[in-house]
Amino acid sequence: TAADVTAASLRLFAVVHPRPEIVIVGLGAPGPRPRLEAAEAYLRGEGIALEAMDTANAVHTYNILNDERRPVACALLTVTPRAGCHVSMASQCPR
């Protein structure tokens with residue numbers, strides 16, 4: 001869920017090489033979504049921009065920026081979460 005997208009969950013993007021200039025986060029289905037203020041502040045402090053949007057648009061935006069050879073990364077939530085599936089238990093999620 002969007003609540004799982006935190007500064008801690010996005011720390012990987014501050015240490016990968018090449019370092020992205022922007023991280024795009026797909027938050028599932030279109031509709032209202034929370035502002036990721038703590039994650040945004042953390043990445044901004046690392047010199048990385050954060051853009052959050054629905055997952056379909058996140059994929060589209062990522063592909064455009066990647067085609068332009070921009071240093072971009074993404075984290076995507078599924079549009080429809082699976083019942084009983086949580087990030088910390090990914091290996092136990094129904095297939």
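Sequence positions are assigned chain by chain, starting from 1 and proceeding in written order. Confidence filtering applies because this is a predicted model: local features only for residues at pLDDT of at least 70, side-chain atom pairs given and counted only at 80 or more, and all residues used for totals across whole chains, interfaces and linings. Side-chain calculation: all heavy atoms of the structure are included, whereas hydrogens and water are not.

Draft legend 1. Focus on the overall build of the protein chain. When its secondary structure is counted, the protein chain shows two helices and three strands. Note on contacts: a residue pair is in contact if any heavy atoms of the two residues lie within 4.5 Å. A separation of at least 24 residues holds for 71% of the contacts in the protein chain among residues at least 6 apart in sequence. Working definition of accessibility: Shrake-Rupley area with a 1.4 Å probe, residue cover restricted to the visible protein chains. Element-wise, carbon and sulfur atoms account for 56% of the exposed surface of the protein chain, whose accessible area totals about 6,200 Å². Helical segments are the DSSP runs of H or I of at least four residues, strand segments are the runs of E of at least two, and each set is numbered from the N terminus.

Draft legend 2. Region of interest: the packing of aromatic side chains. Centres within 6.5 Å make a pair out of two Phe, Tyr or Trp rings, where for Trp the six-membered ring is used; the pair is then stacked when the planes are under 30 degrees apart, edge-to-face when over 60, and tilted otherwise. All chains considered together, the criterion is met by zero aromatic pairs. Criterion for a charge above a ring: Arg CZ or Lys NZ at most 6 Å from the ring centre, at most 35 degrees from the ring normal. Seen from the ring of Tyr 42, Arg 11 lies directly overhead, with NZ or CZ sitting 4.9 Å from the centre.

Draft legend 3. Inspection of the nonpolar core at higher detail. Here, the term nonpolar core denotes a set of buried Ala, Val, Leu, Ile, Met, Phe, Trp, Tyr and Cys residues that are joined through side-chain atoms within 4.5 Å. Any residue under 20% of the maximum accessible area for its type is buried, any over 50% is exposed, and the rest in between are partly exposed; the area is computed with a 1.4 Å probe on protein chains only. Leu 10, Val 23, Val 25, Leu 36, Leu 43 and Leu 50 are the most contacted members of the largest nonpolar core, which totals 16 residues. Within the residue set of this core, elements represented by two or more residues are strand E1 (22–27) and helix H1 (37–45). Residue contacts for Leu 50: discarding those within four places in its chain leaves Leu 10, Val 23, Val 25, Leu 36, Ala 39, Glu 40 and Leu 43. Among the nonpolar cores identified, the runner-up in size contains six residues, and Ile 24, Ala 58, Leu 65 and Val 72 belong to it.

Draft legend 4. Structural context of the pattern of salt bridges. By salt bridge we mean one thing: a side-chain nitrogen of Lys or Arg within 4 Å of a carboxyl oxygen of Asp or Glu. Under the criterion given, the structure shown has five salt bridges. Arg 19 serves as the salt-bridge partner of Glu 46, at 3.0 Å between the closest nitrogen and oxygen. Of this pair, Glu 46 sits in the loop between H1 and strand E2 (49–53) while Arg 19 sits in the segment before E1, and the two are 27 residues apart along the sequence. Residue Arg 70 pairs with Glu 68 through a salt bridge whose shortest N-O separation is 3.8 Å. Arg 70 gets classed as partly exposed once you look at its relative accessible area, which sits at 35%. Overlapping salt bridges bring together Glu 21, Glu 68 and Arg 70 as one network.

Draft legend 5. Quick peek at the environment of Ala 7. Within the fold, Ala 7 resides in the segment before E1. Once the C-alpha coordinates of Ala 7 and Tyr 42 are considered, the two residues, 35 residues apart in sequence, prove to be 5.9 Å apart. Those residues in contact with Ala 7 that sit more than four places away from it in its chain are Ala 38, Ala 39 and Tyr 42.

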